[in-house]
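Chain by chain, the residues:
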Amino acid sequence: EKVKSRYCRSCLVPFLFLYLTIRRILNSETWRKSFLAPAPIHQDEMAIWIVTVVLKLARLASNALLLLESQRLILALLKPATHTAIEKAEGNLFGHIRSNVTHLWVPIGKYKIHTLIATSSPHSDITLEHDSHTNHYRSSQDTVPRRSADVPIHAQRGGKIVPLQDLAIVMLHGHSMSAAFFYRNFDHFTDMGFKVYAPDLLGWARSSRPAFQGDQPEHTVQFFVDSFTLWVEELNLKAIFLIGHSLGAYIAYEYASRYPAKVKHLTLITPAAITNKVSVHRALYFSLTPQRMARRLGLFALLFFFGKYPRGLEPYTRHGIREYAWLLSAQHGDGSGDLAFSNMIQWVSPWEAHCRRPFMDIIRPLPMPVCLIGATRDAL
């Protein structure tokens, strides 16, 4: 409700006033006489034609402006991307899993990081038994008969019983996503005895959205990695199993390379910005960003989004994930995390773009085990 009222005050009213002012000026006799009164230059047919074209273009622009702002207001009234709507859509996702999910807003300076903490029970008393022969951990509550019940770990050896709080998995989401996108993975990890921490990266989803200031790729890395470092310190996480997807994988590698002692195991799922070469459509995606299009185009963007991901297309529409993704993109406010990452794209020409700090240029051997996961059609 606050978003809608703020939108009406800050956007529609000034543009409506501008539109009415322009229409009144164009229809006034004073305007017409000043341009069409007998005078040496206005008697020229070319001058009259130019003035006519300018008047028509101004009227067309004012009508287009009113149409654009009107449909944005209609969308804000019919499908508001408020914090309440996002929270409801997020809760709907968690209704389909067994894990207990709690929300935590972690302060980092003057900003806050929204964090999901998933556990198998309200009490963190589950233990994992280590098999020294297979180097695997198995949950002391082996309730889920599936192949993924074992987790290969190479950081510790010996027949130890490891408390749950010492086995923390941290999951970093990708571009245009949030921590809740991992919801279908929570049960697998918590059933093994892990405690899952999944933050919304700074500038994304329900975390604070500070304005990004910088023009170098190093500024982008600093924006994300520094805030994540403060988040880890605030939660006092010692040795973590770090998992990152896409943009989150890029950040996870940067963090692990800076603080290797704090990472037991690193998993990188299709890291973003793999090579210097970027396809034009991917460059447009990261430069214009879905968030920018959703905020500017309103109903047009909504129709395009729902056309791209129709109801019958799994898994994009399962459990309301499509509506949740739209609400995240359509949040009111200026760009933050999306603008930070768009800084990584450099356009060489209208038909060619490069990544300014590709993953393959910075990757180096790390002291902890690293698992790279890719699919047949991704850049990795």
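In this text the structure is predicted, and so the values were computed from the model without any measurement.

Caption draft 1: Structural context of the side chain of Gln331. Take Gln331: it is sitting in the loop between helix 11 (321-329) and helix 12 (337-342). Relative accessible area serves as the criterion here: at 3%, Gln331 is assigned to the buried category. A polar atom in the side chain of Gln331 sits 3.1 Å from the backbone oxygen of Ala205. In terms of polar contacts, Gln331 uses its side chain to reach the backbone carbonyl oxygen of Leu328, at 3.3 Å. Residues within four places of Gln331 in sequence aside, it is in contact with Ala81, His83, Ile86, Ala205, Arg209 and Arg295.

Caption draft 2: Region of interest: the pairing of strand 13 (residues 352-355). Of the two faces of strand 13, the one holding Ala353 and Cys355 is buried and the one holding Glu352 and His354 is not buried anywhere. Note: strand 11 (residues 277-278) against strand 13, two bridges, orientation antiparallel. Across the sheet, Val278 pairs through a bridge with Ala353, a residue of strand 13. As defined by bridge partners, strand 12 (residues 345-349) adjoins strand 13 across four bridges and the pair is classed as antiparallel. Directly across from Trp347, in strand 13, lies its bridge partner Ala353. Between strand 12 and strand 13, which follow one another and run antiparallel, lie two residues.

Caption draft 3: Expanded view of the packing of aromatic side chains. For the structure on display, the rule yields 16 aromatic pairs. Relative to Phe194, the ring of Phe189 lies with its centre 6.5 Å away and its plane at 85°, an arrangement referred to as edge-to-face. With relative accessibility at 17%, the residue Phe189 sits in the buried group. On the accessibility criterion, Phe194 (1% relative accessible area) is buried.

Caption draft 4: Expanded view of the nonpolar core. Counting 49 residues, the largest nonpolar core has Val170, Trp231, Leu242 and Leu266 as its most contacted members. It is helix 7 (residues 247-258) that contributes the most residues to this core, eight residues altogether. Residues contacting Trp231, with those up to four places away along its chain left out, are Val106, Ile108, Ile113, Thr115, Val170, Tyr197, Pro199 and Leu237. Membership of the second largest hydrophobic core comes to 36 residues, among which are Ala118, Ala205, Ala294 and Ile321.

Caption draft 5: Just the pattern of salt bridges, in detail. Applying the stated criterion across every chain, the model contains nine salt bridges. Here the residues in one salt-bridge network are Asp226, Glu254, Arg258 and Arg357, joined through shared partners.

Caption draft 6: Structural context of unusual backbone geometry. The phi dihedral of Ser176 falls on the positive side, at around 65°, and the residue is not glycine. Relative to the assigned elements, Ser176 resides in the loop between strand 7 (168-172) and helix 5 (183-192). Classification of Ser176 by relative accessible area gives buried; the value is 13%. One non-glycine residue with positive phi stands out, namely Ser246, at about 60°. Within the fold, Ser246 resides in the loop between strand 9 (240-245) and helix 7.

Caption draft 7: Here's a closer look at helix 10 (residues 299-308). Of all the positions in helix 10, only Ala301, Leu302 and Phe305 are classed as buried. Seen along its axis, helix 10 keeps its buried residues to an arc of 100°; they face one direction. Seen from the buried face of helix 10, the exposed residues on the opposite side, beyond 90 degrees, are Leu303, Phe304 and Gly307.

Cut-offs applied
- Residues numbered from 1 in each chain as written.
- Predicted model: local features only at pLDDT ≥ 70, side-chain atom pairs only at ≥ 80, totals over all residues.
- Heavy atoms only, no water.
- Helix = DSSP H or I, 4+ residues; strand = E, 2+ residues; numbered from the N terminus.
- Buried < 20%, exposed > 50% of the residue type's maximum accessible area, 1.4 Å probe, protein only.
- Polar contact = N/O pair within 3.5 Å; in protein donor to acceptor, adjacent residues only side chain to side chain.
- Contact = heavy atoms within 4.5 Å.
- Pairing = 2+ DSSP bridges.
- Phe/Tyr/Trp six-rings, centres within 6.5 Å; stacked < 30°, edge-to-face > 60°.
- Core = buried A, V, L, I, M, F, W, Y, C linked by side-chain atoms within 4.5 Å.
- Salt bridge = Lys/Arg side-chain N within 4 Å of Asp/Glu carboxyl O.
- Arc of directions from axis to C-beta.

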